[in-house]
Amino acid sequence: MTSHFRLLACLVMLACLTVASAQAQVPGTARRQQPNGGLSMPAALPEPTTTAGNVGVRLEPGAVLCRTAEELQRRQAAMATQGAADQPSLPAGCFLVGARTPVEVVERRGYGRTQVKTLGRNSETGWTDAYLPQR
């Protein structure tokens, strides 16, 4: 009698697997519809790496980069006097970063002053108050 139950159990399992594989091939029957008609989305590309091979630290668009630490300090003083709601004008040696820029941290002086070297064609050294994680 046990051999009949084994045979029956094997047939039931085979039927379940057949139904499941057939349903997996039918588009639109999955629990979660994919937005592009069933095609899988490509994985996000990894961030470009620095020369050390680690994912690089970057300045985001809108970050301030100043040529000297004194210019950055003047900008921070202007922000403190004018308030955070008003956007103070940038000192002469400071500019807003327009695009995501890979940087290498050269020196840290507390939380709000970091000397960085931009990587790429136009390599510059400057100071920023943007948050850059320790790597």
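Structural data are supplied above this passage.
Anyway, here's the lowdown on the structure attached to this text. (Residues numbered from 1 in each chain as written. Predicted model: local features only at pLDDT ≥ 70, side-chain atom pairs only at ≥ 80, totals over all residues. Heavy atoms only, no water.)

Let us look at the layout of surface pockets. Its volume calculated, the second largest pocket comes out at about 180 Å³. Per-class residue counts for the lining of the second largest pocket are six nonpolar, five polar and two charged. (1 Å grid on protein atoms, 1.4 Å probe; cavity = no way out; pocket = protein on both sides within 12 Å on 5 of 7 lines; lining within 4 Å. Points joined across faces, edges and corners; volume = space filled by probe spheres on them. Nonpolar A, V, L, I, M, F, W, Y, C, P; charged D, E, K, R; others polar.)

Time to look at the nonpolar core. Counting residues in hydrophobic clusters, the biggest one holds nine residues: Val 57, Leu 59, Ala 63, Leu 65, Val 97, Val 103, Val 116, Ala 130 and Leu 132. Residue contacts for Leu 59: discarding those within four places in its chain leaves Leu 65, Val 97, Ala 99, Arg 100, Thr 101, Val 103, Val 116, Thr 128, Ala 130 and Leu 132. Listed in part, the six residues of the second largest apolar core include Cys 66, Ala 69, Leu 72 and Cys 94. (Core = buried A, V, L, I, M, F, W, Y, C linked by side-chain atoms within 4.5 Å. Buried < 20%, exposed > 50% of the residue type's maximum accessible area, 1.4 Å probe, protein only. Contact = heavy atoms within 4.5 Å.)

Inspection of the secondary structure assignment puts Val 57 in strand E1 (residues 57-59). A relative accessible area of 9% places Val 57 in the buried class. (Helix = DSSP H or I, 4+ residues; strand = E, 2+ residues; numbered from the N terminus.)

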